[in-house]
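# Fold and geometry: a report
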Amino acid sequence: MPPPPETGGRVRRFSGPVRWVHRTTAALTLLCVATAACLYVPQLAELVGRRHLVVTVHEWSGLLIPVPLLAGLFARSLRADLGRLNRFGPHDRQWLRAVRRRDHRAESRPAGKFNAGQKLYAAWITGAVLVMVGTGLLMWFTGLAPLVWRTAATFVHDWLALAIGIVLGGHIAMALADPEARRGMRTGSVERRWARREHPLWREPGERSLEDR
């Protein structure tokens, strides 16, 4: 596997297609969460009004959330990153043990291109989106299932939406706390020192990926 192209003291981390998928998915997700808040929080509902429009935007933004990822699968770089996110190794278990012990030493938290927390978040949010789309369709098209199914779908949809909002809040807070990680997603490259400190098993220039050996 060839090393990532460099620019001075920076290393390429994310390709253009990966960044496009992330940004588009994030925009649709935030739009879906914002419209959900306008539907369920009375104060916001009164402030925004136009409930029918809000419902329509919420339904279509939620239905479109998986589309950027599906379109991005044509890009080899995205498929490669998905493969890394789906691979859980011994170093990931060590990372999680360090988190449980609140051990912040870099040597206690080995990580490849993605650390164990990012892998768990990606798996959880993917499953949550699939459940939300499924339950949302049952609520939208009332003829798809009997009343008891639609009632259960509404219950799951509402409580999972709250969980997603909390998890997304944590994800955004962690991103805000790491400017270099945000810069990597915005520009595609990160400082080499940051990469070696936060993701020591990620491939170095001229070397194979240490996490793949």
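Note that the coordinates shown come from a computational prediction; the quantities given were computed from them, not determined experimentally. (Residues numbered from 1 in each chain as written. Predicted model: local features only at pLDDT ≥ 70, side-chain atom pairs only at ≥ 80, totals over all residues. Heavy atoms only, no water.)

### Points about the pattern of salt bridges
A side chain of one charge can pair with a side chain of the opposite charge if their charged atoms are brought near each other. Counted according to the given criterion, the structure contains eight salt bridges. With a shortest N-O distance of 2.7 Å, R84 and D81 are connected by a salt bridge. You can see R84 and its partner D81 sitting in helix α5 (residues 76–85), three residues apart, about one turn around the helix. Note on R84: relative accessible area 8%, which makes it buried. The shortest N-O distance in the salt bridge between R193 and E191 comes to 3.8 Å. Given a relative accessible area of 32%, E191 falls into the partly exposed group. In this structure, a network of salt bridges that share partners links the residues R10, E180 and R183. (Salt bridge = Lys/Arg side-chain N within 4 Å of Asp/Glu carboxyl O. Helix = DSSP H or I, 4+ residues; strand = E, 2+ residues; numbered from the N terminus. Buried < 20%, exposed > 50% of the residue type's maximum accessible area, 1.4 Å probe, protein only.)

### Examining the packing of helix α1 (residues 16–40) against α5
How two helices sit against one another is set out by the angle between their axes and by the gap between those axes. With their axes 7 Å apart at the nearest point, α1 and α5 run at an angle of 70° to one another. As far as their axial angle goes, α5 and α1 are roughly perpendicular. The interaxial crossing formed by α1 with α5 has right-handed handedness. For the pair α1 and α5, contact is made by P17, V18 and V21 and by S77, L78 and D81, respectively. (Axes fitted to C-alpha atoms, helices over the stretch in contact; angles between N-to-C directions. Parallel < 35°, antiparallel > 145°, perpendicular 65-115°, else oblique. Left-handed = near helix turned anticlockwise from the far one by under 90°. Contact = heavy atoms within 4.5 Å.)

### Side note on the side chain of K113
Locating K113 in the fold gives a position in the loop between α6 (90–100) and α7 (116–140). Only 2.9 Å separates the side chain of K113 from the side chain of D81, close enough to count as a polar contact. (Polar contact = N/O pair within 3.5 Å; in protein donor to acceptor, adjacent residues only side chain to side chain.)

### So, the packing of aromatic side chains
The full count for this structure, using the stated rule, is four aromatic pairs. Pairing W140 with F141 gives two aromatic rings, centres 5.0 Å apart and planes at 20°, and the pair type is stacked. Judged by relative accessible area, which is 28%, W140 ranks as partly exposed. Classification of F141 by relative accessible area gives partly exposed; the value is 41%. Above the plane of the ring of F114 lies R13, whose end atom (NZ or CZ) is 5.7 Å from the centre. Cation over ring: R109 sits above W95, and NZ or CZ is 5.7 Å from the ring centre. (Phe/Tyr/Trp six-rings, centres within 6.5 Å; stacked < 30°, edge-to-face > 60°. Lys NZ or Arg CZ within 6 Å of the ring centre and 35° of its normal.)

### Remarks on helix α8 (residues 147–176)
End to end, α8 covers 43 Å across 30 residues, agreeing with the expected 44 Å (1.5 Å per residue, within 8%). Residues of α8 that are buried: A153, H157, L160, I164 and L168. Residues of α8 that are buried in the fold lie against α1, α3 (51–64) and α7. (Expected span 1.5 Å × (residues − 1).)

### A few points about the environment of V55
By the secondary structure assignment, V55 is in helix α3. Sequence spacing of V55 and T35 is 20 residues, and the spatial spacing of their C-alpha atoms is 7.3 Å.

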